[in-house]
Amino acid sequence: MRTINISISDLEYDKFSLKGDQISFSEFVDIISNELAKQTLNECVSLAEKYGLSKMTMDEISEEVKAVRNAKNHH
């Protein structure tokens, strides 16, 4: 097994809720993956708000999905 060292700021250390000074690679990948997922989700929410999608009801969303499916089937 090999060991690598990665330097991070105290802010990042706290942001990722790290404990101690050693973690496994799997834990590191999980932490980074979760952070990327959060960033992507926040971006999606921002875009939904920007384009008015966040104000749509479930019925409106269902109608939009049906319309897109129908358009694909007619081509």
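These lines cover the structure that appears in this document, whether it is placed above or below.

### Focus on the pattern of salt bridges
Turning to step 1, where the next piece is worked out: What the rule picks out here adds up to two salt bridges.
Turning to step 2, where the next piece is worked out: The salt bridge partner of lysine 15 is glutamate 35, with a shortest N-O separation of 3.4 Å. Placement of lysine 15 in helix H1 (residues 10–15) and of glutamate 35 in helix H2 (residues 25–50) is noted, with a sequence separation of 20 residues between them.
Turning to step 3, where the next piece is worked out: Residue lysine 66 is joined to glutamate 63 by a salt bridge in which the shortest nitrogen-to-oxygen separation is 3.8 Å. Of this pair, lysine 66 and glutamate 63 both sit in helix H3 (residues 58–73), three residues apart, roughly one helical turn.

### Things to note about the packing of aromatic side chains
Turning to step 1, where the next piece is worked out: Tallying each qualifying case throughout the model produces one aromatic pair.
Turning to step 2, where the next piece is worked out: Measuring from centroid to centroid gives 6.4 Å for phenylalanine 25 and phenylalanine 28, while their planes differ by 40°, and the two rings are tilted. A residue pair is termed a helical-turn pair when its members lie 3 or 4 positions apart in one helix, as phenylalanine 25 and phenylalanine 28 do in helix H2 at three residues.
Turning to step 3, where the next piece is worked out: Judged by its relative accessible area of 60%, phenylalanine 25 is exposed.

### A look at unusual backbone geometry
Turning to step 1, where the next piece is worked out: Positive phi values are uncommon outside glycine, yet serine 17 reaches one of about 50°.
Turning to step 2, where the next piece is worked out: For serine 17, a relative accessible area of 48% translates into the label partly exposed.

### A closer look at the side chain of glutamate 35
Turning to step 1, where the next piece is worked out: The exposure class assigned to glutamate 35 is buried, which follows from its relative accessible area of 13%.
Turning to step 2, where the next piece is worked out: A polar side-chain atom of glutamate 35 sits 3.4 Å from a polar atom in the side chain of lysine 15.
Turning to step 3, where the next piece is worked out: Leaving out residues up to four positions away in the same chain, glutamate 35 has contacts with Lys15 and Phe16.

### Considerations on the environment of serine 54
Turning to step 1, where the next piece is worked out: Position of serine 54 among the secondary structure elements: in the loop between H2 and H3.
Turning to step 2, where the next piece is worked out: Classification of serine 54 as partly exposed rests on a relative accessible area of 44%.
Turning to step 3, where the next piece is worked out: Residues serine 54 and cysteine 44, spaced 10 residues apart in sequence, show a C-alpha to C-alpha distance of 10.0 Å.
Turning to step 4, where the next piece is worked out: Each residue touching serine 54, except ones within four places of it in the same chain, is listed here: Ala48 and Glu49.

So, how was this worked out
Residues numbered from 1 in each chain as written. Predicted model: local features only at pLDDT ≥ 70, side-chain atom pairs only at ≥ 80, totals over all residues. Heavy atoms only, no water. Salt bridge = Lys/Arg side-chain N within 4 Å of Asp/Glu carboxyl O. Helix = DSSP H or I, 4+ residues; strand = E, 2+ residues; numbered from the N terminus. Phe/Tyr/Trp six-rings, centres within 6.5 Å; stacked < 30°, edge-to-face > 60°. Buried < 20%, exposed > 50% of the residue type's maximum accessible area, 1.4 Å probe, protein only. Polar contact = N/O pair within 3.5 Å; in protein donor to acceptor, adjacent residues only side chain to side chain. Contact = heavy atoms within 4.5 Å.

Honestly, that's just the spatial picture; any functional story needs more than this.
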